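# Structure assessment
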Amino acid sequence: MDDMGDVEAVLGHLEKDLHFQQAVSLLGEGVISRGLADPACRAYRRYTREVERFTDHAQVLQAVLDDVAMKIWFFRVFGYRGDLQFRIMPAVWIRELTLLDIGRDAHIGYGVMLGTSRILNDGDSVLLRRIAIGERCFFNQHGVVEGGASIGSDCSIGIRSTIGADSKIGDGVEIGDVVRIGEEASIGDGCRIGCGASVGAGSIVDPGVVLEDGRAVPAHHRLTFGGLFPMPHRRIAA
């Protein structure tokens, strides 16, 4: 695609293409085999082939995102059903739009990766998971949000910080730069996670607690106002 005329032609075609729209309707959470004998795989491949015509070309994608009407059209054609009053900066990694829920007035900074899909260790299947981002959340540059993560409203996420798979971030949480929140971790409302800190897999930080810069909560622990305590191991989602 060389100009917005080409973009309009592609979106117009996909909007009317019943086979493509059926593929969009089939795209949901779960594991999809990479074998073409699976109808879900064929639908997923068609979807990704079409969306990559936009996402693999940064200038094309940014031109779409910078035009309000075109942005709405693009997201709707590819199955996004949520509020569209948010801002996405250049070089953001997005693909399975049906699995995104981004709140009003959220800001997704340069180079952030919204990882709604990942290839499983067997190499023959893909895991698709939803990502929810609350209203007025601000993501700085080059962060990562893994599949299954849920982030509340009015949160701030620093540069190169990672929100692990199936983790839960409450409302009004401040996460500094280069922070790692592990899989299935839970961060309560109003917490502050300092720069360079980490919260291990399956761990909990109680509401309002501050984790100082560079400090670590090990896996399967609970950080409270009274201190750090071990917890029974919980199963980490596949």
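Residues numbered from 1 in each chain as written. Predicted model: local features only at pLDDT ≥ 70, side-chain atom pairs only at ≥ 80, totals over all residues. Heavy atoms only, no water.

### Comments concerning the environment of His57
Selection criterion: In DSSP terms, a helix is any run of H or I states spanning at least four residues, a strand is any run of E spanning at least two, and both are numbered starting from the N terminus.
Relative to the assigned elements, His57 resides in the loop between helix H3 (39-55) and helix H4 (58-66). Residues His57 and Asp177, spaced 120 residues apart in sequence, show a C-alpha to C-alpha distance of 28 Å.

### Observations concerning the sheet that holds strand S6 (residues 117-119)
Applicable threshold: Any two strands with at least two DSSP-identified bridges between them are counted as paired. Angles run from 0 to 180 degrees between N-to-C directions of axes, and those axes are lines fitted to C-alpha atoms, restricted for helices to the stretch in contact.
The antiparallel open sheet is built from three strands, whose spatial order is S1-S7-S6. Both outer strands of the open sheet, strand S1 (30-33) and S6, are each paired with one neighbouring strand and no more. On average, each strand axis in the sheet is inclined to that of its neighbour by 25 degrees, with strand direction left out of account. Judged from the three bridges that link them, S6 and strand S7 (residues 125-128) form a sheet pairing that is antiparallel.

### Section: the sheet that holds strand S16 (residues 180-181)
If you walk across this open sheet you meet the six strands as S5-S10-S13-S16-S19-S22, and the pairing is parallel. Where the open sheet ends on each side, the last strands, each with one partner, are strand S5 (113-115) and strand S22 (216-217). Across two bridges, S16 lies against strand S19 (residues 198-199) in parallel orientation. Among the inter-strand pairings, Arg180 is bridged to a residue of S19, identified as Ser198.

### So, the nonpolar core
Proteins that are soluble and globular tend to have nonpolar side chains buried together. Our working rule: By nonpolar core is meant a set of buried Ala, Val, Leu, Ile, Met, Phe, Trp, Tyr and Cys residues that side-chain atoms within 4.5 Å join together. Any residue under 20% of the maximum accessible area for its type is buried, any over 50% is exposed, and the rest in between are partly exposed; the area is computed with a 1.4 Å probe on protein chains only. By the convention used here, residues are in contact when the closest approach between their heavy atoms is within 4.5 Å.
Among the nonpolar cores identified, the biggest contains 64 residues, and Phe54, Phe74, Phe75, Phe78 and Ile181 are the most heavily contacted of them. Of all the secondary structure elements, the ones that give two or more residues to this core are helix H1 (4-16), helix H2 (18-26), H3, H4, helix H5 (68-77), strand S3 (100-102), S7 and strand S8 (131-133). The biggest single contributor to this core is H3, with five residues. Leave out the neighbours within four places in its chain, and Phe74 touches Leu11, Val51, Phe54, Leu61, Val64 and Leu97.

### Digging into the pairing of strand S24 (residues 227-230)
Here strand S23 (residues 221-224) pairs with S24 via four bridges, running antiparallel. Of the residues in S24, the one forming a bridge with Arg222 is Phe229. Linking S23 to S24, which pair antiparallel, is a turn of two residues.

### Overview of the packing of aromatic side chains
The criterion, for reference: Only Phe, Tyr and Trp rings are paired, with Trp represented by its six-membered ring, and only when their centres lie within 6.5 Å; those with planes under 30 degrees apart are stacked, over 60 edge-to-face, the remainder tilted. Ring-over charges, as used throughout, are those where CZ of Arg or NZ of Lys falls within 6 Å of the ring centre and within 35 degrees of the ring normal.
All told, the structure shown has 10 aromatic pairs when counted by the stated rule. When the ring of Phe20 is compared with that of Phe78, the centres are 5.5 Å apart and the planes differ by 80 degrees; the resulting orientation is edge-to-face. Separated by 58 residues along the polypeptide, Phe20 in helix H2 and Phe78 in the loop between H5 and strand S2 (87-88) bring together distant segments of the chain. Judged by its relative accessible area of 0%, Phe20 falls in the buried class. The buried category is assigned to Phe78, whose relative accessible area is 0%. The interplanar angle of 55 degrees and the centroid separation of 5.2 Å between the aromatic rings of Phe74 and Phe78 together place this pair among those described as tilted. The ring of Phe86 has Lys71 sitting right over it, with the charged end atom 4.4 Å from the ring centre.

### Brief notes about the pattern of salt bridges
The following threshold applies: A carboxyl oxygen of Asp or Glu within 4 Å of a side-chain nitrogen of Lys or Arg is what we treat as a salt bridge.
What the rule picks out here adds up to 14 salt bridges. A salt bridge links Glu96 to Arg95; the shortest N-O distance between them is 3.2 Å. Look at Arg95 and you get buried, because its relative accessible area is 18%. The partner of Arg222 in a salt bridge is Asp206, with the nearest N and O atoms 2.8 Å apart. One end of the pair, Arg222, is in strand S23; the other, Asp206, is in the loop between strand S20 (204-205) and strand S21 (210-211), and 16 residues separate them in sequence.

### Some details on H4
Among all positions of H4, only Val60, Leu61, Gln62, Val64 and Leu65 are buried. For H4, the secondary structure elements touched by its buried residues are H1, H3, H5 and S2.

### Section: empty space enclosed by the protein
Keep this limit in mind: The way it works is a 1 Å grid over only the protein atoms, where trapped points that fit a 1.4 Å probe form a cavity and open points with protein on both sides within 12 Å along at least five of seven lines form a pocket, and then any residue with an atom within 4 Å of a point lines it. Grid points are joined across faces, edges and corners, and a volume is the space filled by probe spheres set on the points.
Overall, the coordinates contain one cavity of 30 Å³ or more when judged by the stated rule. Here the largest cavity is characterised by a volume of approximately 30 Å³. For the largest cavity, the full set of lining residues is Ala23, Leu26, Leu27, Ile32, Ala40, Ala43 and Tyr44. Counting residues per element, the ones that place at least two in the lining of the largest cavity are H2 and H3.

No statement about biological role is implied by the geometric values presented.
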